[in-house]
Each structure stands twice: as C-alpha cells, then as structure tokens.
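These are the residues of each chain, in order.
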Amino acid sequence: MSGIVLVTTAVLATSESWSSAPLPSVGDRESALAAYSASPMPAMPSAQSSEPAEQPAPVRVKIPDLGIDAKVFPVGVTADQALEIPEDISEVGWFKYGPAPGSSQGSSVLVAHRDGTSEGRGVFFPLDSVDEGTKVNVVTESGSVVRYRVVSVEGIQKSTFDTEIEEFFTGSGKPRLTLITCGGAYEEDNGGYQANVVVTAVPVA
C-alpha cells in the first residue's frame, strides 16, 4: 500500500484556501463496522489491483441532507503516483482500482475537493458537518441506486492517515462507502490542509 500512502498525502493537501474547520469526530467506525451484519462473499480486487470492479461504476452521489448531488467519474493514479481528482471542484472521483459501490466486500472510495483557490466551496465542503445516520445514495451506470447510511465522521491528521491507509483503500472486509476530502488547519506554506475528513457509511437494504 506504500504507493497509495504517498498519493494520498500529496493529492489531498491541495492549494485550497477556504477557512479551516475544526476536525470532526462523529460515531465510531470500528465499532460500527464490527456491529454491521453482512454475509461473507467472494473477495473483491484490492485497491492496488488493476482488475476492473465487478459492479457497475458509480456516476452520481447524492447526500440530500448536505445538498450534495454531484457527478462521479472514475479516477486512478498519475505517472508520478498522484491520485487523480477531478479538476472541477463540483465533481467527485471514484477510485476505480478498488471496489465499486454495491460490491460484496471492501471500501468503495469517493474523493473530492473541499474548496478551491478561486472557485470557493467544493462539492465536499460540508462533509465535516454530516451527522451519523445521514443517507448517502450512489447512482450507478446501470441506473441502480446503492443506498448507505453514515456511521462515522473522522478528522484525521495526514501523518496518521498514512498509517491507516489500508483500512480505507481495501478490497476486503465488510462492504462500505468511504468519502474523503481535506479539512482541519490550512497552512499555505506546508502543502495546504493538514488533515483529511473521512466519512464511513454502510449499505442499507
């Protein structure tokens, strides 16, 4: 997972300039995932795999309580090992080398900007204010809707996030949706935001 450690540190510390926000702490990810009941299914490709996802790709994510309704595009990594994120701050990227939403196992990762230097608020700007139990709906290219509910919201310093990276970019374990953006203190001379906001959601029947 070392390649993704470098990628996440570099890419989510963008030159965004909106006011910094306190780091959130809502729910308990580990306890929620442990309590979540899901039948074991065949393993999905890992986040490092180049194998295509088994489920249809996501094309839109909707979080009505936050006013989020955004297009989703598949993203990978660049030649210099930077995670691709849509340049348009109103769009969301799905990490295509991990599970797609609706897969039987693993973490489906969606990433987007919190804000932009001149554009203002990005699509994931309100992510750090989401509440436990909030509904997240992902529309796939087949037209189906995969429904989730939020179980935790975490503000994680980038240095700590690097040590936990495998938990968020994994193709195994219970199925979940992971939403990631920037947050916390903003230091222009030190790579931008110093933390990540990570929202974990589990499937709803």
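Residues numbered from 1 in each chain as written. Predicted model: local features only at pLDDT ≥ 70, side-chain atom pairs only at ≥ 80, totals over all residues. Heavy atoms only, no water.

## A look at the nonpolar core
Thinking step 1. By size, the foremost hydrophobic cluster in this structure holds 27 residues, and its most contacted members are Val61, Val92, Leu110, Phe124, Leu177 and Leu179.
Thinking step 2. Taken together, the elements giving at least two residues each to this core come down to strand S2 (58–63), strand S3 (68–75), strand S4 (92–95), strand S8 (135–140), strand S9 (145–157), strand S10 (176–187) and strand S11 (192–203).
Thinking step 3. Per-element tally for this core: the top contributor is S9, with four residues.
Thinking step 4. Apart from residues no more than four positions distant in its own chain, Leu179 is found in contact with Ile63, Leu110, Phe124, Leu127, Val197, Val198 and Val199.
Thinking step 5. In terms of nonpolar packing, the next biggest core, distinct from the first, is built from 13 residues, Val75, Phe95, Val109 and Phe169 among them. (Core = buried A, V, L, I, M, F, W, Y, C linked by side-chain atoms within 4.5 Å. Buried < 20%, exposed > 50% of the residue type's maximum accessible area, 1.4 Å probe, protein only. Helix = DSSP H or I, 4+ residues; strand = E, 2+ residues; numbered from the N terminus. Contact = heavy atoms within 4.5 Å.)

## Considering the side chain of Ser103
Thinking step 1. Summarising the element assignment, Ser103 is placed in the loop between S4 and strand S5 (107–111).
Thinking step 2. Of the residues examined, Ser103 reaches a relative accessible area of 7% and is grouped as buried.
Thinking step 3. A distance of 2.7 Å separates a polar atom in the side chain of Ser103 from the backbone oxygen of Ala100. (Polar contact = N/O pair within 3.5 Å; in protein donor to acceptor, adjacent residues only side chain to side chain.)

## What to know about the pairing of S5
Thinking step 1. For S5, a buried count of five out of five residues is recorded, marking the element as mostly surrounded by other parts of the structure.
Thinking step 2. Residues Ser107, Val109 and Val111 point to one face of S5 and Ser108 and Leu110 to the other, with burial holding for every one of them.
Thinking step 3. Taken together, the two bridges between S4 and S5 define a ladder with antiparallel strand orientation. Its bridge partner lying in S5, Gly93 is registered against Val111.
Thinking step 4. Here S5 runs beside S10; their pairing, made up of five bridges, is parallel. From the neighbouring strand, Val111 faces S10, where its bridge partner is Ile180. (Pairing = 2+ DSSP bridges.)

## Describing the confidence of the model for the protein chain
When pLDDT is low, close inspection of the predicted coordinates is not appropriate.
Thinking step 1. Per-residue confidence for the protein chain gives a mean pLDDT of 80, with 74% of residues at or over 70.
Thinking step 2. Below a pLDDT of 50 lies the segment residues 4–19, which in the model reaches 56 contacts outside its immediate sequence neighbourhood of four places, other chains included.
Thinking step 3. Every residue in residues 38–53 scores below 50 in pLDDT, and together they form 35 contacts with partners more than four places removed in sequence or on other chains. (pLDDT = per-residue confidence, 0-100.)

## A closer look at the packing of aromatic side chains
Thinking step 1. A complete count under the given rule lists three aromatic pairs for this structure.
Thinking step 2. Ring geometry for Phe95 and Phe169: centres 5.3 Å apart, planes at 85 degrees, overall edge-to-face. With Phe95 in strand S4 and Phe169 in the loop between helix H4 (165–168) and S10, the pair connects residues that are 74 residues apart, well separated along the chain.
Thinking step 3. Judged by relative accessible area, Phe169 falls into the buried class, the value being 2%.
Thinking step 4. One aromatic cluster is present, formed by Phe95, Tyr97 and Phe169 through successive ring pairs.
Thinking step 5. Note that Arg114 overlies the ring of Phe125, its terminal NZ or CZ placed 4.3 Å from the centroid. (Phe/Tyr/Trp six-rings, centres within 6.5 Å; stacked < 30°, edge-to-face > 60°. Lys NZ or Arg CZ within 6 Å of the ring centre and 35° of its normal.)

## Re the pairing of S4
Thinking step 1. Burial of the side chains of S4 extends over both faces: Val92 and Trp94 are buried on one face and Gly93 and Phe95 on the other.
Thinking step 2. Pairing of S3 with S4 involves four bridges; the strand directions are parallel. Bridged to Phe73 within S4 is Gly93.

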